[in-house]
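Residues per chain are reported as follows:
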Amino acid sequence: MFGMIPFDRNEHSLFNYLDEMERNFWSGNISDAMQFRCDVQDKGDSYLMEAELPGFESKDIKIDLNGSNLVISAQRDESTEKKDENGGYLFRERKCGSFSRSFDVSGIDTDSIRASYKNGVLELVLPKKNAQLPSARRIEIAEQ
């Protein structure tokens, strides 16, 4: 089907394949790959946010509140080394990286936010602010 698109050259050569792979790699949104996944559920009087942060410990996760901006960040830096008898490396691995996301919490009671972390999932309970409903009243029409 796609081979029938007019004015489109589909040359299936190795060079075109490598060029396309390079374009996709560099033109993709790199920040998307560096973010963690989040789910937000409306629980009526609050929101439940679940952020996937596998492999982190709770001490590696920071939750900062700056006005109406909530920032969740996590940083990991660990290394594994195995050496042979002479002290040379058989292999050496390093896992490091940091992730950060910001969320607008302008409709949230920020003093009552609660957080917990278990099995690689950060849970935030974000209570909603009590909405100030306008009081009901009748407006009388003045006679002229």
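One can find the structure itself at the top, above this paragraph.
None of the values given here were measured: they were computed from a predicted structure. (Residues numbered from 1 in each chain as written. Predicted model: local features only at pLDDT ≥ 70, side-chain atom pairs only at ≥ 80, totals over all residues. Heavy atoms only, no water.)

What the protein contains, in helices and strands, is two helices and seven strands. Listing the helices and strands of the protein from first to last along the sequence gives α-α-β-β-β-β-β-β-β. For the protein, the proportion of its 144 residues judged to be buried stands at 15%. When the accessible surface of the protein is totalled, it reaches about 12,300 Å², and 49% of it is carbon and sulfur. (Helix = DSSP H or I, 4+ residues; strand = E, 2+ residues; numbered from the N terminus. Buried < 20%, exposed > 50% of the residue type's maximum accessible area, 1.4 Å probe, protein only. Areas by Shrake-Rupley, 256 points an atom, 1.4 Å probe, with all protein chains shown as cover.)

A word on the pattern of salt bridges. Applying the stated rule across the entire model yields two salt bridges. Here Lys-59 ties to Asp-60 by a salt bridge, and the two come within 3.6 Å at their closest N and O atoms. (Salt bridge = Lys/Arg side-chain N within 4 Å of Asp/Glu carboxyl O.)

Moving on: the packing of aromatic side chains. With the rule as written, the count across this model stands at one aromatic pair. Seen in terms of ring centroids, Phe-56 and Phe-99 are 5.8 Å apart; in terms of plane orientation they differ by 85°. Their pairing is edge-to-face. Linking Phe-56 in the loop between strand E2 (46-52) and strand E3 (61-66) with Phe-99 in strand E5 (residues 89-104), this pair joins segments that are 43 residues apart in sequence. For the pair Phe-56 and Phe-99, one class covers both residues: buried. Above the plane of the ring of Phe-36 lies Arg-101, whose end atom (NZ or CZ) is 6.0 Å from the centre. (Phe/Tyr/Trp six-rings, centres within 6.5 Å; stacked < 30°, edge-to-face > 60°. Lys NZ or Arg CZ within 6 Å of the ring centre and 35° of its normal.)

A few words now on the nonpolar core. Phe-36, Met-49, Leu-53, Ile-61 and Ile-72 are the most contacted members of the largest nonpolar core, which has 17 residues in total. Of all the secondary structure elements, the ones that give two or more residues to this core are E2, strand E4 (69-83), E5 and strand E7 (121-127). The residues contacting Ile-61, other than those within four sequence positions of it, are Leu-53, Phe-56, Ile-72, Ser-73, Ala-74, Tyr-117 and Leu-122. (Core = buried A, V, L, I, M, F, W, Y, C linked by side-chain atoms within 4.5 Å. Contact = heavy atoms within 4.5 Å.)

The next thing to look at is the environment of Ser-46. With respect to the element layout, Ser-46 can be found in strand E2. Along the primary structure Ser-46 and Asp-109 are separated by 63 residues, whereas in three dimensions their C-alpha atoms are 9.2 Å apart. Apart from residues lying up to four places away in sequence, Ser-46 is in contact with Gln-41, Val-125, Leu-126, Pro-127 and Lys-128.

Purely geometric numbers; function is a separate question.
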